[in-house]
There are 2 protein chains.
Amino acid sequence: MSTPILTSLQNPMVKKWRLLNKSRAERIAQGLFIAEGEHMTQEAIQNKSASMLLVAESAREKFAHLLNTGISVQVLADHVFASLCETKSPQGILALCSYPAQITLEKLGHRIVCLNGVQDPGNVGTILRTMDAAGFTGLLIDGNTADPYSPKVLRATMGSIFRIPVFQTKQLSQTLDVLQQNDFEILAGDLMGKPFFNKRERKENTCIIIGNEGAGISPEIKEKATLRLKIPMMGGAESLNAAVAAAIMMYDDVRARQDG
Amino acid sequence: MSTPILTSLQNPMVKKWRLLNKSRAERIAQGLFIAEGEHMTQEAIQNKSASMLLVAESAREKFAHLLNTGISVQVLADHVFASLCETKSPQGILALCSYPAQITLEKLGHRIVCLNGVQDPGNVGTILRTMDAAGFTGLLIDGNTADPYSPKVLRATMGSIFRIPVFQTKQLSQTLDVLQQNDFEILAGDLMGKPFFNKRERKENTCIIIGNEGAGISPEIKEKATLRLKIPMMGGAESLNAAVAAAIMMYDDVRARQDG
């Protein structure tokens, strides 16, 4: 480690990095996001997303195994390191990661989840984690969905963010038209829809739409669904949590493809 | 409303109520918990759990429709009301609810979810909400699980807490023995288990065990499972969120019983 330890909260680089957790606009402008903690840093390194590692002075020995991977390392005084962290008791390591450039729609693959105004960061992160487990291949999000590269979403993904490509669009309706033209089954949960677990033909290409926590899927977007299904609701609950509904729909897809 | 408006943060009743959001011990000692906001207050009234309604002075008109149900009402100055709330922008109404007395195990019914050290309040609340939707009948929790009557859990239940009986025990292992003697299928997720979606006979009585977010199900409790199943993990994720795993297992039960 050739560079000196950064000891000032006023260091211009530190000040810039500190903005990364504040807003999506800053992350895009700087082309970076912060993956905090040992597990996320490991995932960032493994998935070749880490462009620089920052480590707290007192944590250098603990994380020595992560600091000799060829990725440049900067040591920060503990209080300076803590100023970059969202968690109350930082583990002492983080990765500065490249904010992915916009990809093409094709990169999302054949199993897509589409988020229409999902605003809770925990839900967005948990959906990415479940996609990764269920073998879903790409996430499509509109402008009203929580930024997948914000600190709370990242934490909930448990590293899956590095493996699932994300396509962001402000024209979700038109994007779904393109998927429809490409023979996607576009699924929407709907209290007036067909029974969810009834047997049906499965298309090779699937896109599951998940709506806003309060308002559900917007009418304009629901129009684009090729199939509306009602997940059984037997008790007194009026709705399911967005990440739970997404998981039930994704794993039904896993089961159906296994059966057939 | 005959009683005067409470205007002092130092009022002895206000000071007592303020402790209710702080600890499980206080809730048990006072025999009360706080259901905050319009939706939760409505659910508390409907499910006959509300013993008193507290309303902010400025919100009296807005919530007039909830204040004539025969349940006693106390008006508080806005700043006093806010001191009882966990949310940053309180809606202006809350219900003081009776903390349920310990029930018998039989009250849990035939479809049980068992939580073994589930510590994230959002997970516990989301599981209760999903149980309510999936027709599960009772929640069994050990001493290391987040208190279902704490503010964050309550919020995530969206009111389902009032419909699902909860049995708390410090002897979870023995309680599972009793379920086993009563012919329950006791399911545990296990990476070494049988394939989750394979066809199998279903018992009338089901108990799904969900383990701690980091450590999973403890070895002693996993011993008690009569069936270990591996939910398919196809991508890079190492595990599922606890509430997601619970939802997949519950809705597989719903599907199997629907199929016949």
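Residues numbered from 1 in each chain as written. Chains lettered and ligands numbered in written order. Predicted model: local features only at pLDDT ≥ 70, side-chain atom pairs only at ≥ 80, totals over all residues. Heavy atoms only, no water.

Quick notes on the sheet that holds strand β1 (residues 32–36) of chain A
All names here are of chain A.
Right, so step 1: Taken in spatial order, the four strands make up an open sheet running β1-β4-β2-β3, and their pairing is mixed. Only two strands of the sheet have a single partner each, and these edge strands are β1 and β3 (73–76). Direction aside, neighbouring strands of the sheet carry axes that sit 25 degrees apart on average.
Right, so step 2: Here four bridges tie strand β2 (residues 50–56) to β3, and the two strands are oriented parallel to one another. (Pairing = 2+ DSSP bridges. Helix = DSSP H or I, 4+ residues; strand = E, 2+ residues; numbered from the N terminus. Axes fitted to C-alpha atoms, helices over the stretch in contact; angles between N-to-C directions.)

Describing unusual backbone geometry
All names here are of chain A.
Right, so step 1: A positive phi angle is found at K48, which is not glycine, with a value near 55 degrees.
Right, so step 2: By the secondary structure assignment, K48 is in the loop between α3 (38–46) and β2.
Right, so step 3: You can call K48 exposed: its relative accessible area is 76%.
Right, so step 4: One non-glycine residue, M158, adopts positive backbone phi at about 55 degrees.
Right, so step 5: For M158, the location among the structural elements is in the loop between α6 (151–157) and β7 (166–169).
Right, so step 6: A relative accessible area of 37% means that M158 is categorised as partly exposed. (Buried < 20%, exposed > 50% of the residue type's maximum accessible area, 1.4 Å probe, protein only.)

Comments concerning empty space enclosed by the protein
Right, so step 1: What the rule picks out here adds up to three cavities of 30 Å³ or more.
Right, so step 2: The volume enclosed by the largest cavity comes to roughly 80 Å³.
Right, so step 3: Along the walls of the largest cavity sit A:F196, A:F197, A:A247, A:I248, A:Y251, A:D252, A:R255, B:F197, B:I248, B:Y251, B:D252 and B:R255, which together make up its complete lining.
Right, so step 4: Elements supplying a minimum of two residues to the lining of the largest cavity: α9 (242–259) of chain A together with α9 (242–259) of chain B.
Right, so step 5: Top element by residues in the lining of the largest cavity is α9(A). It accounts for five residues.
Right, so step 6: Of the residues assigned to the lining of the largest cavity, the class counts are eight nonpolar, no polar and four charged. (1 Å grid on protein atoms, 1.4 Å probe; cavity = no way out; pocket = protein on both sides within 12 Å on 5 of 7 lines; lining within 4 Å. Points joined across faces, edges and corners; volume = space filled by probe spheres on them. Nonpolar A, V, L, I, M, F, W, Y, C, P; charged D, E, K, R; others polar.)

A short note on the relation of the copies chain A and chain B
Right, so step 1: Superposing chain A onto chain B requires a rotation of 180 degrees together with a translation of 0.0 Å along the rotation axis, leaving an RMSD of 0.0 Å. What the superposition gives is, in effect, a two-fold axis relating one chain to the other.
Right, so step 2: A share of 100% of the interface residues of chain A reappears at the interface of chain B, consistent with the copies meeting face to face through the same patch. (Least-squares fit on C-alpha atoms with pLDDT ≥ 70 in both. Contact = heavy atoms within 4.5 Å.)

Some remarks on the environment of B:V244
Right, so step 1: Here B:V244 shows up in helix α9.
Right, so step 2: With residues near it in sequence (within four places) discarded, B:V244 still touches A:T126, A:T130, A:A243 and A:A247.

With respect to the interface of chain A and chain B
Right, so step 1: Contact with chain A, which involves 34 residues of that partner, is made by 34 residues of chain B.
Right, so step 2: When chain A packs against chain B, close to 2,700 Å² is buried across both sides, 61% of that on carbon and sulfur atoms.
Right, so step 3: In terms of surface lost to chain B, no three residues of chain A exceed A:R129, A:F197 and A:Y251, which account for 22% of the buried area on that side.
Right, so step 4: The tally of links between chain A and chain B comes to zero salt bridges.
Right, so step 5: Run the count over chain A and chain B and you get twelve residue pairs in polar contact (both at pLDDT 80 or more).
Right, so step 6: Looking at the side of chain A that touches chain B, the elements with two or more residues in it are α3, α5 (121–134) and α9 of chain A.
Right, so step 7: At nine residues, the largest contribution of residues to the side of chain A that touches chain B is made by α9(A).
Right, so step 8: A class-by-class count of the residues in the side of chain A that touches chain B yields 15 nonpolar, eleven polar and eight charged. (Buried area = accessible area lost by both parts, 1.4 Å probe. Salt bridge = Lys/Arg side-chain N within 4 Å of Asp/Glu carboxyl O. Polar contact = N/O pair within 3.5 Å; in protein donor to acceptor, adjacent residues only side chain to side chain.)

Things to note about the domain arrangement of chain A
It is common to report an interface's size as the accessible area lost on association of the parts.
All names here are of chain A.
Right, so step 1: Split into domains, chain A comes out as domain 1 (12–98) and domain 2 (105–259).
Right, so step 2: The gap between the C-alpha centroids of domain 1 and domain 2 is 30 Å.
Right, so step 3: Facing the 15 residues of domain 1 at the interface are 15 residues of domain 2.
Right, so step 4: Ranking the residues of domain 1 by area buried against domain 2 places R24, F33 and M40 at the top, with a combined share of 44%. (Domains from an automatic or database assignment.)

A short note on helix α5 (residues 121–134) of chain B
Right, so step 1: Between its first and last C-alpha, α5(B) extends 20 Å over 14 residues, near the 20 Å set by a 1.5 Å rise per residue.
Right, so step 2: Among the 14 residues that make up α5(B), twelve are buried, leaving the element largely enclosed by the rest of the structure.
Right, so step 3: Those residues of α5(B) that sit buried are B:N123, B:V124, B:G125, B:T126, B:I127, B:L128, B:R129, B:T130, B:M131, B:D132, B:A133 and B:A134.
Right, so step 4: Elements in contact with the buried residues of α5(B): α9 of chain A together with β5 (111–116), β6 (138–142), α6 (151–157), β9 (205–211) and α9 of chain B.
Right, so step 5: The N-cap of α5(B), judged by a side-chain oxygen 3.0 Å from the amide nitrogen of B:G122 a few residues on, is B:D120.
Right, so step 6: Phi turns positive one or two residues past the end of α5(B), at B:G135, with a value near 80 degrees. (Expected span 1.5 Å × (residues − 1).)

Structural notes on the sheet that holds strand β8 (residues 184–195) of chain A
Think of a sheet as strands paired side by side through backbone hydrogen bonds, with each pair either parallel or antiparallel.
Residue and element names in this part refer to chain A.
Right, so step 1: Taken in spatial order, the six strands line up as β7-β6-β5-β9-β8-β10 in an open sheet, and their pairing is parallel. Since the sheet does not close on itself, it has two edges, and those belong to β7 and β10 (227–230), each with one partner. Between one strand and the next, the sheet's axes are offset by a mean angle of 30 degrees, whatever the strand orientation.
Right, so step 2: Sheet analysis places strand β5 (residues 111–116) next to strand β9 (residues 205–211), joined by six bridges and oriented parallel. Across the sheet, residue I112 finds its bridge partner in β9, namely C207.
Right, so step 3: Along the sheet, α5 contacts β5, β6 (138–142) and β9; its crossing angle with β5, the most-contacted strand, is approximately 175 degrees.

Remarks on the environment of B:K194
Residue and element names in this part refer to chain B.
Right, so step 1: As for its placement among the helices and strands, K194 is situated in strand β8 (residues 184–195).
Right, so step 2: For K194, a relative accessible area of 54% corresponds to the exposed category.
Right, so step 3: Taking C-alpha positions, K194 is 31 Å from P165, a pair spaced 29 residues apart along the chain.
Right, so step 4: If sequence neighbours within four positions are ignored, K194 has contacts with L227, R228, L229 and K230.

A short note on the side chain of A:N21
Residues and elements named next belong to chain A.
Right, so step 1: By the secondary structure assignment, N21 is in the loop between α1 (12–18) and α2 (24–30).
Right, so step 2: On the basis of relative accessible area, N21 is assigned to the buried category, the value being 12%.
Right, so step 3: Engagement of the side chain of N21 in a polar contact is seen with the backbone oxygen of L84, the distance being 3.1 Å.
Right, so step 4: Not counting the four nearest positions on each side in its chain, N21 is found in contact with R27, I34, L84, E86 and P151.

Concerning the nonpolar core
Right, so step 1: The biggest cluster of nonpolar side chains holds 154 residues, and the ones touching the most others in it are A:I210 and B:I210.
Right, so step 2: Leaving out residues up to four positions away in the same chain, A:I210 has contacts with A:V113, A:C114, A:L115, A:N116, A:V118, A:I127, A:I217, A:A242, A:A245, A:A246 and A:M249. (Core = buried A, V, L, I, M, F, W, Y, C linked by side-chain atoms within 4.5 Å.)

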